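Examining the three-dimensional arrangement
Chain by chain, the residues run as shown.
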Amino acid sequence: MAEVVIVGDSGAAGTLVAEAIVSLIEERPDAVLGLATGSTPLPVYEALAARSQGLDLSRVRGFALDEYVGLPAGHPESYRSVITREVVEPLGLVPERIQVPNGAAETIQHAGADYEAAIQAAGGVDLQILGIGTDGHIGFNEPGSSFASLTRVKTLTEQTRRDNARFFDSIDDVPMHCITQGLGTILRARHLVLLAFGAGKAAAIAAALEGPLSANLPGSAVQLHPRATVVLDEAAASELQHADYYRYAYANKPAWQGI
Ligand code: GLP
């Protein structure tokens, strides 16, 4: 079972997760971070940027979870652009050390295998940040994704395209396809940190953490991981059956354990 930590708000979640990342980087200056896009991880990146003075980030490496297929290079909503704008620049990471799956049409046939090889060559991901979609997807692994899946091209659901239309002029501009780390890829990371905020995520979180393991709910894959931490605000935790137990367990956890 994942460790569930319920905090007051997304700012507190950002601080908590940023502290865990700082400890990791202090211990391993060339740590490999798994970077998620979307609005959920932003408080983590902001807290990390605020905390980064005196921290050497020059050797940190990173792999993004996913990318749209077919957006023109440099499109502001490509995840390459988003990761550059929201993570690489504010944190002063070395751009060459941060990889994003290649969604260019010309190389798409081997882009998945190339990405898997790059992650393996880096020694794997130390800490993978994750958000969750309202339909329970993680990365862009839509319902039906195999728990053994590796980086590959997927077709986005209408729901995800609707959810992400806010970043584009209209839903018609949201690409139909994406390339995403698979659930199997994500499960290889040494530590998973899944974040969710707001009532809109409550049902997906309850199903992912307390429902049956099912490819129908890709987020339930976190139940298979030996070290998964789930950080929620009260609203995202509001449908959890065992919320009181999670609070009790966390309140009584020895401080030295961190998350
Ligand atoms: C996108 C991303 C996911 C993200 C999800 C939720 O589909 N591919 O990685 O977790 O949206 O986004 P948000 O955090 O903005 O709710």
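Structure shown above.
As the structure is a computational prediction, the values presented were derived from the model and not from experiment.

Turning our eyes to something else, we now look at the sheet that holds strand β4 (residues 66–68). Sheets are built from strands paired through backbone hydrogen bonds, the pairs being either parallel or antiparallel. Read from one edge to the other, the open sheet built from three strands follows the order β4-β8-β7, with strand pairing classed as antiparallel. Each edge of the open sheet carries a strand with a single partner, namely β4 and β7 (152–155). The sheet shows a mean angle of 30° between the axes of neighbouring strands, direction not considered. Strand direction decides the pairing type here: β7 and strand β8 (residues 177–180), joined by four bridges, are antiparallel. Looking across to β8, one finds that Lys154 is bridged to Cys178.

Okay, the site of the ligand next. In the region of the ligand, 13 residues are neighbours, and Ser39, Thr40, Asp66, His137 and Lys201 sit closest. His137 places a polar side-chain atom, nitrogen or oxygen, 2.9 Å from an oxygen atom of the ligand. Take Asn164: an N or O atom from its side chain is 3.5 Å from an oxygen atom of the ligand. Here the ligand loses 93% of its free accessible area of 390 Å² to cover by the protein chains. For the shell around the ligand, the residue count by class is three nonpolar, seven polar and three charged.

Conventions and cut-offs
Residues numbered from 1 in each chain as written. Predicted model: local features only at pLDDT ≥ 70, side-chain atom pairs only at ≥ 80, totals over all residues. Heavy atoms only, no water. Pairing = 2+ DSSP bridges. Helix = DSSP H or I, 4+ residues; strand = E, 2+ residues; numbered from the N terminus. Axes fitted to C-alpha atoms, helices over the stretch in contact; angles between N-to-C directions. Near = heavy atom within 4 Å. Polar contact = N/O pair within 3.5 Å; in protein donor to acceptor, adjacent residues only side chain to side chain. Areas by Shrake-Rupley, 256 points an atom, 1.4 Å probe, with all protein chains shown as cover. Nonpolar A, V, L, I, M, F, W, Y, C, P; charged D, E, K, R; others polar.

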